[in-house]
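Summary of the model geometry
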Amino acid sequence: MTSISEFISYGGGVNSTAALLLLKPKVLIFADTGGEHPETYRYIEEHIKPFVASYGGQFTAVRASDFGGKYRRLQDQAFAEHIIPVRVNRWCTDKYKIRPIRAYLKRNGLLPVLQMIAIDAGEAHRARDSRNDQIRNRFPLLEQRNRSGELGLDREDCIEVIRCAGWPVPRKSGCFFCPFQSKPQWIALKRELPDLFQIAVQLERNGSNYGRLYLAADKPLEQWLKSGRIREGDPEQLSLATPCACYDG
Ligand code: SF4
């Protein structure tokens, strides 16, 4: 166990990957819901872990089940309890992202600590203090200067940092069934990973305890995907993905 006074909360997406490249933090903690997109797991294995090891850093993945959680994966709880992740109630973020990190820090005597969260300049309004008095949040991307000398790196700046390192740009982080995905992302999931898309459909059908709440909109996923006009891969539409509460795009 490395003694730490600060760590980066690594989410697997563009922002925290750029922050990692810029800061080379001694410790990264990744809260793994068990339902992250397969590309995210692959990216971590192919790029993140080797890079962190190359400068002697420590990559730690934490899961709710490591700290008394009954279920190994977020979707296991959702199926067992007939619920779904929903935008109006972020139980999933709390239980599978925030709490496991806090529990890990507490169990290992690492509190108090400085938690670095990779919020970019375009979403600076999300930068808030921690509600835990033993954790102080720091937002390193907001402290960096961009190429024009202005304070704060936005998403494009983060993409540039990743490209300059010669790495592919990671997909948006998050669970494959995340309700904060955009329509093109759902369409891509259905086309590229139909088995996972079907799990999301089943999750929604099974979520009877949330009544008429659905994963993506005000109607069942498959019905919603058939409605409206959308151009798959349209960057404008893709940017409509709502930032989830999991702190990394
Ligand atoms: S990525 Fe989405 S579904 Fe997964 S924990 Fe975060 S908000 Fe919930």
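Residues numbered from 1 in each chain as written. Predicted model: local features only at pLDDT ≥ 70, side-chain atom pairs only at ≥ 80, totals over all residues.

1. Here's the deal with the confidence of the model for the protein
With 90% of its residues at a pLDDT of 70 or more, the protein shows a mean pLDDT of 91. Across residues 232-241, where pLDDT falls below 50, the model places 19 contacts with residues more than four positions away in sequence or in other chains. (pLDDT = per-residue confidence, 0-100. Contact = placed C-beta atoms within 7 Å.)

2. Quick word on the site of the ligand
Residues in contact with the ligand amount to 14 residues; listed here are only the nearest, Cys92, Gly174, Cys175, Cys178 and Cys246. Class assignment of the residues belonging to the shell around the ligand gives a composition of 9 nonpolar, 3 polar and 2 charged. (Near = placed C-beta within 6 Å. Nonpolar A, V, L, I, M, F, W, Y, C, P; charged D, E, K, R; others polar.)

3. With respect to the environment of Glu160
Secondary-structure assignment places Glu160 in helix H6 (residues 155-164). What makes Glu160 partly exposed here is the crowd of 16 C-beta atoms within 10 Å. A sequence separation of 58 residues divides Glu160 from Asp218, and the C-alpha atoms of the two residues are 36 Å apart. (Helix = DSSP H or I, 4+ residues; strand = E, 2+ residues; numbered from the N terminus. Buried ≥ 20, exposed ≤ 12 C-beta atoms within 10 Å, placed from the backbone.)

4. Points about H6
Asp157, Cys158 and Val161 are the residues of H6 that are buried. Down the axis of H6, the smallest arc covering the buried residues is 100°, so these residues share one side. Gly166 sits one or two residues past H6 and shows a positive phi near 80°. (Arc of directions from axis to C-beta.)

5. Remarks on helix H2 (residues 38-54)
The terminal C-alpha atoms of H2 lie 24 Å apart, and with 17 residues this matches the ideal 24 Å at 1.5 Å per residue to within 8%. In the structure, H2 departs most strongly from a straight axis at Ile44, where the bend amounts to approximately 40°. Taken residue by residue, H2 has Thr40, Tyr43, Ile44, Ile48 and Val52 as its buried positions. Where H2 is buried, its residues meet helix H1 (14-23), strand E2 (27-31) and strand E3 (58-62). At the C-terminal side of H2, Gly56 shows a positive phi close to 80°. (Expected span 1.5 Å × (residues − 1). Bend = angle between axes of the 7 residues up to and from the residue.)

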